[in-house]
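# Working through the structure, step by step
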Amino acid sequence: MTTIRELDGAEALARVGELAEVLRDCVEGGASVGFMLPLAEGRPETFWHKVAAGVAAGERHLFVTEDSDGRICGTLSLVIDMPDNQPHRADVSKMLVHRRMRRQGVAERLLRALEAKARELGKTTLVLDTVTGSDASRLYERTGWQLAGDIPRYALMPDGEPCSTTYYFRHL
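Let me begin by describing the structure that accompanies this report. Model, not experiment: these values are computed from the prediction.

So, about the side chain of Ser-77. In this structure, Ser-77 sits in strand β3 (residues 72-79). A relative accessible area of 1% means that Ser-77 is categorised as buried. Side chain to side chain, Ser-77 and Arg-60 meet in a polar contact 3.2 Å long. Those residues in contact with Ser-77, other than ones at most four positions away along the chain, are Val-51, Arg-60, His-61, Leu-62, Asp-91, Val-92, Ser-93 and Leu-114.

Okay, the side chain of His-61 next. Mapped onto the elements, His-61 comes out in strand β2 (residues 60-66). Note on His-61: relative accessible area 14%, which makes it buried. Side-chain polar atoms of His-61 contact the side chain of Glu-6, separated by 2.5 Å. What His-61 contacts, discounting residues up to four positions off in sequence, is Glu-6, Leu-76, Ser-77, Leu-78, Ile-80, Lys-117 and Leu-121.

On to unusual backbone geometry. Leaving glycine out, the prevailing phi sign among residues is negative, and the prevailing peptide bond configuration is trans. A cis amide bond links Leu-37 to the next residue, Pro-38, at an omega of -10°. Along the chain, Pro-38 turns up in the loop between α2 (16-28) and α3 (43-56). Positive phi, normally seen in glycine, also occurs at Lys-94, with a value near 55°. Position of Lys-94 among the secondary structure elements: in strand β4 (residues 89-97). Its identity as a non-glycine residue notwithstanding, Arg-103 has a phi of 65°, on the positive side. Position of Arg-103 relative to the elements: it lies in the loop between β4 and α4 (106-120). With a relative accessible area of 74%, Arg-103 lands in the exposed category.

Parameters and conventions
- Residues numbered from 1 in each chain as written.
- Predicted model: local features only at pLDDT ≥ 70, side-chain atom pairs only at ≥ 80, totals over all residues.
- Heavy atoms only, no water.
- Helix = DSSP H or I, 4+ residues; strand = E, 2+ residues; numbered from the N terminus.
- Buried < 20%, exposed > 50% of the residue type's maximum accessible area, 1.4 Å probe, protein only.
- Polar contact = N/O pair within 3.5 Å; in protein donor to acceptor, adjacent residues only side chain to side chain.
- Contact = heavy atoms within 4.5 Å.

Here's what the structure looks like:
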């Protein structure tokens, strides 16, 4: 059984090691989430320190899935630090699920928790991007997200191969 919950900045900082392990597993498993192989020593931890600071500053909300042992096995962020002319909008960032927990509904539960928080905050438009044709893209389409478009060769997979990116949006 897994639990979804939101971490505050102090909790995120205290659990950087667990968050880094999930990121490391995803990148080593081939996920294009902004990092390249081989991962430099400390790179995932540095990223999560910045995320924890953003949570503490009120710029984002961080959701995690904990497994039955209380270990973090999935993450998703709602970035609310937007330009002045976009107070109604937020970005969805870093959907990460440890390979041992995939195909168990973790990602969809994280997404639903994030959407509920966005509604609570008065956000009406959410935006995200993912690798074109990925498992994540199928999840977003299945859960009602609308395709905005694809950009060929937008990013690189962790091994250096170019990949297309698909942008999605959702009106709440």
